[in-house]
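The residues making up each chain are set out below.
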Amino acid sequence: MNGGLPGFHNAPASRAVVVATALFSIPFGFRGRFLELGLSYQNVYEKLSIWRLITSLFAFSSTPELIFGAALLYYFRVFERQIGSNKYTVFIVFSTLVSVLLQILALGYLKDPSINPLMSGPYGLIFASYVPFFFDIPISMKFRILGLSLSDKSFVYLAGLQLLFSSGRRSIVPGVSGILTGLFYRLNTFGIRRVKFPEFATLLFSRLSWPFSSNPYQGLPTTENDGSIPSHQVRQTEGAHTATQDPTESSIAALVSMGFDRSSAIQALALTDYDVNLASNILLEAQALRQ
């Protein structure tokens with residue numbers, strides 16, 4: 001799965017979530033407390049164990065879920081680059097809180113012992129991210145394996161299905177709650193898509209995950225562009241690429257077929273060493289900023 005530029009460049013909020021997930025999951029896992037982390041009817045409605053709300057948001061219940069979940073969170077950092085860290089922070093808070101509320105309502109309505117406790121972890125954020133992934137991320141490559149027609153998005157869907165059905169209804173309820181939350185966000189419920197977190201929130205995320213913040217793209221100078229691509233995405237080493245070859249026609253055609261104009265496609269390809277996936281991510285971000 002390729003989510004764009006390497007590392008967490010321009011994605012401090014995503015980095016903070018991945019770090020928090022690892023820090024919560026690993027210690028609880030070593031203590032063998034997997035089954036005590038998720039929400040259950042007894043813990044929510046009878047014992048009022050508020051601390052479980054925190055663990056259920058961040059700590060995965062098993063190592064395989066942590067691996068799949070962290071990989072998906074890492075991939076979905078592309079959305080933070082598209083809409084900016086301030087808006088993406090709102091998306092994180094909204095998807096987390098609303099999905100947990102939906103899970104609590106589901107526990108109270110169903111009262112089904114077979115779903116107690118629900119699987120813990122940032123299911124809300126992960127599956128809410130599948131909504132913009134489905135609608136906004138174009139297919140850049142198609143291929144066939146054993147007669148099946150697949151695309152570069154298929155592996156992301158397969159990872160999500162693995163996570164969704166990992167524990168039956170105990171994982172389906174959090175997953176479906178996340179998908180519904182993503183739809184609420186896309187429908188701009190309560191005007192949530194216009195809300196932005198203040199700048200200090202982004203700085204806070206950067207400082208919370210400071211041990212993991214180094215990346216080779218920080219501090220690079222910017223170059224002139226025609227406004228169709230955000231300036232922070234056209235950073236490159238000064239004096240590098242003084243003479244570059246023209247992008248191949250097949251790469252240009254692939255981007256044009258996604259709905260981008262030819263001149264923007266050429267510029268994006270030149271900035272990403274002619275990588276179609278990276279170029280499409282840059283153009284998607286530019287498109288989102290113009291909306």
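Computed from a predicted structure; not experimentally measured.

A. A nonpolar patch on the surface, seen in detail. Nonpolar side chains collect at one region of the surface, where Phe-134, Phe-135, Val-176, Ile-179, Leu-180, Leu-183 and Phe-184 lie side by side and expose about 590 Å² of accessible area between them. Mapped onto the nonpolar patch, the elements with two or more residues apiece are α7 (123-136) and α9 (169-186). Within the secondary structure, Ile-179 is located in helix α9. Overall, the relative accessible area of 33% leaves Ile-179 in the partly exposed class.

B. How the structure looks around the pattern of salt bridges. If you walk through the whole model with that rule in mind, you get two salt bridges. Measuring nitrogen to oxygen at the nearest pair gives 3.1 Å for the salt bridge that ties Arg-169 to Asp-112. Placement of Arg-169 in helix α9 and of Asp-112 in the loop between α6 (85-110) and α7 is noted, with a sequence separation of 57 residues between them. Owing to a relative accessible area of 48%, Arg-169 belongs among the partly exposed residues under this scheme. Here Asp-136 ties to Arg-186 by a salt bridge, and the two come within 3.2 Å at their closest N and O atoms. With Asp-136 in helix α7 and Arg-186 in helix α9, this pair connects stretches of sequence that are 50 residues apart. Arg-186 gets classed as partly exposed once you look at its relative accessible area, which sits at 28%.

C. Quick look at the UniProt feature "transmembrane region" (unreviewed entry) in the chain. Sequence positions flagged by UniProt for "transmembrane region" (unreviewed entry) are, in local numbering, residues 12-30, 50-76, 88-110 and 122-139. Secondary structure across residues 88-110 divides into 100% helix and 0% strand, with the first and last C-alpha atoms of the span separated by 32 Å. Structurally, residues 122-139 comprises 78% helix and 0% strand, and the distance from its first C-alpha atom to its last is 26 Å.

D. Layout of the packing of α6 against α9. Running from amino to carboxyl end, α6 crosses α9 at an angle of 130°, the nearest separation of the two axes being 8 Å. As summarised for this structure, α6 and α9 are arranged oblique, according to the angle between their axes. Considering the relative orientation of α6 and α9, their crossing is right-handed. Residue-level contacts link Lys-87, Phe-91, Phe-94, Ser-95, Val-98, Ser-99, Leu-102, Gln-103 and Ala-106 of α6 to Val-173, Pro-174, Ser-177, Gly-178, Leu-180, Thr-181, Phe-184 and Tyr-185 of α9. The residue inventory of the contact of α6 with α9, partitioned by class, reads 10 nonpolar, six polar and one charged.

E. The arrangement of the confidence of the model for the chain in detail. When pLDDT is averaged along the chain, the result is 78; 76% of the residues meet or exceed 70. No element of the chain has a lower mean pLDDT than helix α10 (residues 199-208), which averages 62, and none a higher one than α9, which averages 96. Low pLDDT (under 50) marks residues 212-247, which in the prediction has 61 contacts with non-local residues, meaning those over four places away or in another chain.

F. Geometry of the pairing of strand β2 (residues 148-151). The sheet contact formed by strand β1 (residues 142-145) and β2 spans four bridges and is antiparallel. Following the sheet pairing, Arg-144 is matched in β2 by Ser-149.

G. Summary view of α7. Counted at 1.5 Å a residue, the expected span for α7 with its 14 residues is 20 Å, and the 20 Å between its end C-alpha atoms agrees. With 11 of its 14 residues buried, α7 lies for the most part within the structure. Within the sequence span of α7, burial applies to Tyr-123, Gly-124, Leu-125, Ile-126, Phe-127, Ala-128, Ser-129, Tyr-130, Val-131, Pro-132 and Phe-133.

H. A look at the packing of helix α4 (residues 63-75) against α7. For the pair α4 and α7, the least separation of the axes is 10 Å and the interaxial angle reads 45°. Our classification of the angle between α4 and α7 gives oblique. As α4 packs across α7, the resulting crossing turns out to be left-handed. On α7, the residues touching Glu-65, Gly-69, Leu-72, Leu-73 and Tyr-75 of α4 are Tyr-123, Leu-125, Ile-126, Tyr-130 and Phe-133. Taken together, the residues that form the contact of α4 with α7 break down as eight nonpolar, one polar and one charged.

Parameters and conventions
Residues numbered from 1 in each chain as written. Predicted model: local features only at pLDDT ≥ 70, side-chain atom pairs only at ≥ 80, totals over all residues. Heavy atoms only, no water. Patch = residues over 30% accessible without salt bridge, like charges linked within 9 Å, V, L, I, M, F, W, Y side chains within 5 Å. Areas by Shrake-Rupley, 256 points an atom, 1.4 Å probe, with all protein chains shown as cover. Salt bridge = Lys/Arg side-chain N within 4 Å of Asp/Glu carboxyl O. Helix = DSSP H or I, 4+ residues; strand = E, 2+ residues; numbered from the N terminus. Buried < 20%, exposed > 50% of the residue type's maximum accessible area, 1.4 Å probe, protein only. UniProt positions renumbered as here; feature names shortened; annotations may be inferred. Axes fitted to C-alpha atoms, helices over the stretch in contact; angles between N-to-C directions. Parallel < 35°, antiparallel > 145°, perpendicular 65-115°, else oblique. Left-handed = near helix turned anticlockwise from the far one by under 90°. Contact = heavy atoms within 4.5 Å. Nonpolar A, V, L, I, M, F, W, Y, C, P; charged D, E, K, R; others polar. pLDDT = per-residue confidence, 0-100. Pairing = 2+ DSSP bridges. Expected span 1.5 Å × (residues − 1).

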